[in-house]
Structure formats: C-alpha cells, structure tokens
Amino acid sequence: MRKWWLLLLLLFLVSNDVFCSSSKLADDAGALLAFKSKADVNKNLHFKGLRMCLWEGVECNGLKVVHLVLQGLDLGGVFAPNTLSLLDQLRVLSLQNNSLTGPIPDLSGLFNLKSLFLDNNHFTGSLPPSLFSLHRLRTLDFSHNNLSGPIPTGFIKLDRLYYLRLSWNTFNGTIPPFNQSSLRTLDLSGNNLTGPIPVTPALFRFEPSSFSSNPGLCGEIIHKECHPTAPFFRPTSPPTAGLGQSAKVHGFFRQPYEKKRDRRAVIIGFSTGVFVLIGSLLCFVVAIKKQRNKKEGGSSIIMASDAAATAEAAAAMQMEQERELEEKVKRAQVAKSGSLVFCAGEAQVYTLDQLMKGSAELLGRGCLGTTYKAVLDNRLIVTVKRLDAGKMAASVATKEVFERHMESVGGLRHPNLVPLRAYFQAKQERLIIYDYQPNGSLFSLIHGSRSSRARPLHWTSCLKIAEDVAQGLSYIHQAWRLVHGNLKSSNVLLGPDFEACITDYCLSVLTNPSSYDEVSDSAAYRAPETRNPNHQPTPKSDVYAYGILLLELLTGKTPSELPFLVPGDMSSWVRSIRNDNGNEDSRMDMLLQVATTCSLTSPEQRPTMWQVLKMLQEIKEIVLLEDGEFDLRNSDAMP
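Residues numbered from 1 in each chain as written. Predicted model: local features only at pLDDT ≥ 70, side-chain atom pairs only at ≥ 80, totals over all residues. Heavy atoms only, no water.

Chemist: Describe the packing of aromatic side chains, naming the residues involved and giving the relevant values.
Modeler: Tallying each qualifying case throughout the model produces seven aromatic pairs. On the basis of an interplanar angle of 25° and a centroid distance of 4.4 Å, the ring pair of Phe204 and Trp610 is categorised as stacked. You can see Phe204 sitting in helix H2 (residues 201-204) and its partner Trp610 sitting in helix H13 (residues 609-626), a full 406 residues away along the chain. Taking relative accessible area as the criterion, Phe204 reaches 28% and is therefore assigned partly exposed. (Phe/Tyr/Trp six-rings, centres within 6.5 Å; stacked < 30°, edge-to-face > 60°. Helix = DSSP H or I, 4+ residues; strand = E, 2+ residues; numbered from the N terminus. Buried < 20%, exposed > 50% of the residue type's maximum accessible area, 1.4 Å probe, protein only.)

Chemist: Can you tell me about the sheet that holds strand S4 (residues 101-102), naming the residues and giving the values?
Modeler: A sheet is described by the order of its strands in space; here six strands give the open sequence S4-S6-S8-S10-S12-S13, paired in parallel fashion. Here the strands that pair on one side only, and so sit at the sheet edges, are S4 and strand S13 (216-218). Looking at chain direction, strand S12 (residues 192-196) and S13 are connected through three bridges and run parallel. Bridging across to S13, Gly195 finds its partner in Leu217. (Pairing = 2+ DSSP bridges.)

Chemist: Please provide a residue-by-residue account of helix H6 (residues 399-410), values included.
Modeler: For H6, spanning twelve residues, the distance from its first C-alpha to its last is 16 Å, which sits close to the expected 16 Å at 1.5 Å a residue. Among the residues making up H6, those that are buried are Phe402, His405, Met406, Ser408, Val409 and Gly410. (Expected span 1.5 Å × (residues − 1).)

Chemist: An account of the sheet that holds strand S1 (residues 58-61) is requested, with residue identities and associated values reported.
Modeler: Sheet strands pair via backbone hydrogen bonds, and the direction of the pair is either parallel or antiparallel. Strand order in this open sheet of seven strands is S1-S2-S3-S5-S7-S9-S11, and the pairing throughout is mixed. Two strands lie at the open edges of the sheet, namely S1 and strand S11 (185-187), each paired on one side alone. Across this sheet, the average inter-strand angle for adjacent strands is 15°, counted without regard to direction. The pairing of strand S2 (residues 64-69) with strand S3 (residues 92-94) spans three bridges and is parallel. Across the sheet, residue His67 finds its bridge partner in S3, namely Val92. (Axes fitted to C-alpha atoms, helices over the stretch in contact; angles between N-to-C directions.)

Chemist: Tell me about unusual backbone geometry, and please be specific about residues and values.
Modeler: One non-glycine residue, Asn120, adopts positive backbone phi at about 55°. Along the polypeptide, Asn120 turns up in the loop between strand S5 (115-117) and strand S6 (122-125). Asn120 sits in the partly exposed class, given a relative accessible area of 30%. Non-glycine residue Phe498 carries a positive phi angle of around 60°. Here Phe498 shows up in the loop between strand S21 (492-494) and strand S22 (500-502).

Chemist: Give a detailed account of helix H10 (residues 539-555), specifying residues and quantitative values.
Modeler: With 17 residues, H10 should cover 24 Å at 1.5 Å per step; its first-to-last C-alpha distance of 25 Å lies within 8% of that length. The buried fraction of H10 amounts to 15 of the 17 residues, a majority that puts the element mostly inside the structure.

Chemist: If you had to explain the nonpolar core to someone new, which residues and values would you point to?
Modeler: In this structure, Leu412, Val469, Leu487, Tyr505, Tyr546 and Leu616 are the most contacted members of the largest nonpolar core, which totals 67 residues. Within the second largest apolar cluster, 57 residues are counted, among which are Ala39, Phe171, Ile175 and Leu217. (Core = buried A, V, L, I, M, F, W, Y, C linked by side-chain atoms within 4.5 Å.)

The analysis is restricted to geometry; functional conclusions fall outside its scope.
Next up, the structure:
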C-alpha cells in the first residue's frame, strides 16, 4: 500500500513540474500571439505549431524567448502594450524595416534587454520614459521614424550605451551632454535640434556628420559659432522646494516703483481740472442754446434734452481721460523703476511685485554683492543676487551694456550650470535671479563644520565632482567662448541629485578688479597672470582656478592652507592626510596629476578644459577596467 502512495506522489510531482513548465511556455507564447494579433494586419508573420521556439524569428534559451528578430515582414499594425514587453528574458528585439505605427509602448518589463532595433517604421510620439529604466541597454536604433519631442536626458543614465541612432525623426530642443566612455556610434542627424553641442569627451570623438541636417545646432564640434542671444532653449520652471525654518526679513530690497500717494494726488488734481472745464463747457452750451431757441422759438424741453446729452458725453470723456491718465502713470512708474526680464524664453512664473514683496534670508556676501534666499507668495523659492553698485565696473554702467551681457549669460543652459532665470535693473539697483539649490555649496561639503575636523572626500566623489565642474566649464569655454572668472568652491552648488552645478559664472566682467579680496581664500584661486588688476580673466585662468579647486577636493584643505610643494612632495603630503589604501593611492595620484597640470604657473602649459575632461574620462576608463566592470568584448548588442 505504501508503494502505491509513493508512486502516486511521484506522478503528482512530475505532472506538476510539467504543468509549471508549460505555464511558462504559455506566458511567452501568449505574448507573441498577442503582438501578432495587433501588428500583423497583413498576415505575413507565421507562428505555427505547438513548439514556440521553432516559430519564425524566435530564439529561446530553455523555455524562455531571448532573441526576437522580425525584420522586413511588412508588419503594418501597432506595437501594442502588454505584449512583447512581457518577455522578461528577452535580450535582443528587432522590428526594423516594417510599417508599424503609433507610439512605442511601455517597455519596463524588458529589464534584461540589451539591444533594441525599431528603425525604419512609422512610430510617432516621444520616447517612453520606461526606456531609461533598462540599465543593460547597449544598442538602440530609432532612426527613420516620426518620433518627436526633445531628446531625453535619461540617455545619460544608460552607462553601458555603445550604439545610438536617432537620425531622421523630428526631435527638437538641445542635445544632452552624453558622457559615456562606452559610446562608439552616434547619429543625431536629420532632426530639428538647436543650440550648442555640449563639449564632452564622448561627443568630441564624433565627426560633424553625426549632427548634420540640424540647422539650429552650433558649437566647437561642428565648427559653427553660437550666437548667445538666440532663444533656442525650452522654457522651464524654477523648482518648488519646500520651505525651511529660518529667520525671514520682509522687503529685502527697496521698492522703487511704489508711490501710491503721489499717483493719487496727480489723478485727483487732473480730475478737478476736468470737472471745471466740463462746467464751463456746459454753461457755454446752455447760453448758445438759449440764444438759438429765442431766434427759432424752440422749446425749453429740447434745450434740457440737449444739455443732458452733452453732460453724458462729457462724463464719458472724463472717464476715458482718467483711464488714459492712469495708464500713463503706470507706464511712467515702470519706465522709472525698470522691469523684471526673463532670460532665454523663460516663462514668467512670478512678477516683479511678487519678488519685491517676498521674504528673504541672507545667504552670504561676496565680491559681487549680497545673495538672498527669497520665498515668494506662491511658495516658490529663488536665489537673488543683489549686485553692489559701488563695485560695478565703469564699462557696464550703462543699461544697454548690462542688458546685452545678461542676455548672453542668461542663454546658457547646461546640467552643471545653475540656471540664470531673470534679471532686473533700475537706476543703481541690479538683481540677478537663479534657481535655489537646497543642498548647499561644495565648500560646505568639503570643509563641513569648523567645530570638527572634516575628512577629505572619497576619491570617487572627487572624480564625480571634478567631472561635473569640468563639464560646466567646458560648455562655457567651447560652446559660448565666455569665461567664468570667479571659480571657487563656494560658487559650486549641489543640485537635487547632488550633482555639482557652477554659479556666478561670467559675472566677473561686471565688477571692478579691486573689489576682489587679495587676502582671502578667493585670491588663491586667481591665476598669476590675472593678479594684476589690468588683466582680465581668460579660459586658461579658469583652468588654474579649477586646478586649485581639485587640490581642495583631494586634500580637504582651503586654498590658503595648501603648501607650495613640487609634484613629488605634494603627492606624499596628500597621501599623508588622506589615509587611503594602496589601490586608491594610485587613483588619487592620477587626479593629483590633473590638478597640478592645471595649476601650472605658465598659462601656455595648462591644458584646455576639454582636454581636462578627456583626462578625467581616461581615469574613469582605467578604473572600470581595473574593477572588471567595463568589457565591451562580451557585448551581444547586435542581433
């Protein structure tokens, strides 16, 4: 009896295993058949028989589909959601050279996907956000479709990306700063892209043909100079950060245009004069009517009617004149006080009146002026820099010169620059409005509280921050041919994802050179050739400041605490204060070599910022190879 029970149990287990396997097979087969029902309207796709892994274009590993290649089959329907996206073991998907229409569906279920070929179809709409959650992706081809919208910055998150073609669609906006060292094929031609091409080591390796047939593009890579005033950036809205608990000062700068009492006095005086004039006119009209009625024998009723009509017309005239007067007063006050100008096509999300009435918290004072955190009545938080009139250079004293410079600087948009959103000027009052960055400055991150000894940042953090800052500076130098002029750790802020973002860029030309404090840490960032007040900052002096900033990152010391040592002694000194292990010592030495090269005394011996970027990218590649995380030879990207 016991043997029968054991036999029945064995049969149950075997049948259950077969059922589970069949269920798994049915899941993938069902997904394929669901796709065919919506895509194969011309009945060209042959999925016949019970053995799914023998179907056309299907390749399996065990019972799961890993490759699906359905090319040139005249599929004329749609790529329906919840069909192929259920193939959770799929590595390669190719639907190229068909006639599929509609949007590309959610692909988040394909978390093992490495290669996706959807080129030469009729897909429309924008790329699905789910695409950028597929971190194993290496090869992507969306060329020759009708896709639109901006190229998503999510591509930057695909750190294994090797091959990307977006050509011959209708993508618009700017090109994201691709920085993957793995990227070897890129084609963005034949779109409506505009603005400067970011100068990154990844993009700099490609020929101009990769960006052709985009008339609005410019920059160093395609040898076309950018015009700073061109409004080619998409309007964006400043962030709505939460309110912090801090002391607030109401009315952090004077409201020069608010003079309501004077305005009322002008209107009342003008109205009184109008009433006197109207009374005189009425008397004159009545007298004429009396004389006319005496001659013509007209009745008093007609005279009264005419007088009423005249009074009504006079009252209407008075109201119109008062409206005109009020408009003139408004225009005069605005002209006198100046206006809030939004940069680069920005949407006007707040008014001058809201900014004037905002409460504020003092953030700091510097060589350019005073900086505030301003909370507007719509709960929006911005950073307002109030330029010190006494420190302004004579060359930008005129309104027109200041406006032209702000239009140029306000056009800069890059992930590693704090956006300049708007500016204001009236008489001696000049304000610059930026996005508020809630995570503080790089100076605070490096040095922490003065009450405790801050440890130097880990070398990987140093490399990430160094690359972020280099990206921003390269963009300023190469794409716009401008100069920062005041780079230091307090002018590098930390964004929402703790990315390093440069602020106060390109404003040094507004300030008298004598305004810079020669005994503070700021003086240590200044290149030797610019310590003479008669010499303006240059891209090479920015490189010098960058070298000092990198030394500050590696050592945790302020620039005034850095010793003057030869490179060999500097390496030993840095090692003594970092306490890294042997492997990290060698990586730190590579970063230290970049820092010392940037801070050479002779500007001719310093590299350009894009060369610095290339050095940092090479360091990253070396580290990835050492850690075994970067091996393109194992790529199965192509079907």
